[in-house]
Amino acid sequence: AQSVSQHNHHVILSEAASLELGCNYSYGGTVNLFWYVQYPGQHLQLLLKYFSGDPLVKGIKGFEAEFIKSKFSFNLRKPSVQWSDTAEYFCAVNAKAAGNKLTFGGGTRVLVKP
Amino acid sequence: NAGVTQTPKFQVLKTGQSMTLQCAQDMNHNSMYWYRQDPGMGLRLIYYSASEGTTDKGEVPNGYNVSRLNKREFSLRLESAAPSQTSVYFCASSEAPSGPQETQYFGPGTRLLVL
């Protein structure tokens, strides 16, 4: 079945460490890619998105993601995390092949230790 | 602007009871969505409404019904709750009628426990 996979379910790291969260999808054709974040006790909110153009996308709070079409991946990165980055991160894909509905990965819980 | 609001925040039901989750948005968005979030499974689409007056099934519609009451409001009903429906439910809205480049805006969620 077509899906969105986030391979890390939980990540624990210290402040100032670098973060990379993997996201792979299995849809062919045109895709639109998103990362959403859910901070403790808050709504899901958009972190960044890719539709076309430069495959390296910059989002809020110093996050960026790179779309690699050949690898069906859209990994999220941040060079130096802060305690306030503790959250759950969701990759999501909107694909024409999936009826243009948003499909979410399972999420990755990130805990940043102060 | 309140954005997307959901009521109630938390609910406990007994198996077989019914309830309606309410969602409203004040952003004049055309499309609205209901998701459920279960550990390790991300968010799964239950139903959506591309525009006022239309509703369509998502990935996991069984056991649920929806009503797009007007442009602002989209409710989710459980007619006979089952323990498998214990979950966190999120409502979302977007400006475009299910356009692929839309950003969805989420409500705070409703935690539902079915005993």
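Refer to the preceding data block for the structure.
Residues numbered from 1 in each chain as written. Chains lettered and ligands numbered in written order. Predicted model: local features only at pLDDT ≥ 70, side-chain atom pairs only at ≥ 80, totals over all residues. Heavy atoms only, no water.

All names here are of chain B. Taken together, Phe10, Val12, Leu113 and Leu115 make up a surface patch of nonpolar side chains, about 370 Å² in accessible area. Topologically, Phe10 is positioned in strand β2 (residues 10-13). By relative accessible area, Phe10 is classed as exposed at 51%. (Patch = residues over 30% accessible without salt bridge, like charges linked within 9 Å, V, L, I, M, F, W, Y side chains within 5 Å. Areas by Shrake-Rupley, 256 points an atom, 1.4 Å probe, with all protein chains shown as cover. Salt bridge = Lys/Arg side-chain N within 4 Å of Asp/Glu carboxyl O. Helix = DSSP H or I, 4+ residues; strand = E, 2+ residues; numbered from the N terminus. Buried < 20%, exposed > 50% of the residue type's maximum accessible area, 1.4 Å probe, protein only.)

Let us now look at the interface of chain A and chain B. Taken together, the contact pairs 18 residues of chain A with 21 residues of chain B. A buried area of about 1,600 Å², summed over both sides, lies between chain A and chain B, and 56% of it is on carbon and sulfur atoms. Across the contact surface, chain A and chain B share zero salt bridges. Taken together, the elements giving at least two residues each to the side of chain A that touches chain B come down to β5 (31-38), β6 (44-50), β10 (87-95) and β11 (102-104) of chain A. Looking at which element gives the most residues to the side of chain A that touches chain B, the answer is β5(A), with four residues. (Contact = heavy atoms within 4.5 Å. Buried area = accessible area lost by both parts, 1.4 Å probe.)

The next thing to look at is the environment of Gly29(A). Residues and elements named next belong to chain A. Within the secondary structure layout, Gly29 lies in the loop between β4 (24-25) and β5. Relative accessible area serves as the criterion here: at 61%, Gly29 is assigned to the exposed category. Residues Gly29 and Cys91, 62 residues apart in the sequence, show an inter-C-alpha distance of 18 Å.

Turning to the side chain of His29(B), a few remarks are in order. Residues and elements named next belong to chain B. Along the chain, His29 falls in the loop between β3 (19-25) and β4 (31-38). Accessibility expressed as a relative area gives 6% for His29, which makes it buried. At a separation of 3.5 Å, a polar atom in the side chain of His29 contacts the main-chain amide nitrogen of Ser94. Leaving out residues up to four positions away in the same chain, His29 has contacts with Arg68, Lys71, Ser93, Ser94, Glu95 and Tyr105. (Polar contact = N/O pair within 3.5 Å; in protein donor to acceptor, adjacent residues only side chain to side chain.)

What follows deals with the pairing of strand β12 (residues 108-113) of chain A. Looking along a regular strand, one sees side chains alternate from face to face of the sheet. Residue and element names in this part refer to chain A. By the alternation rule, side chains of β12 split into Thr108, Val110 and Val112, which are all buried, and Arg109, Leu111 and Lys113, of which none is buried. The pairing of strand β2 (residues 10-14) with β12 spans five bridges and is classified as parallel. Following the sheet pairing, Ser14 is matched in β12 by Lys113. Of the pairings in the sheet, the one linking β10 to β12 comprises three bridges and is antiparallel in character. Each bridged residue has a counterpart across the sheet, and for Glu88 the counterpart in β12 is Arg109. (Pairing = 2+ DSSP bridges.)

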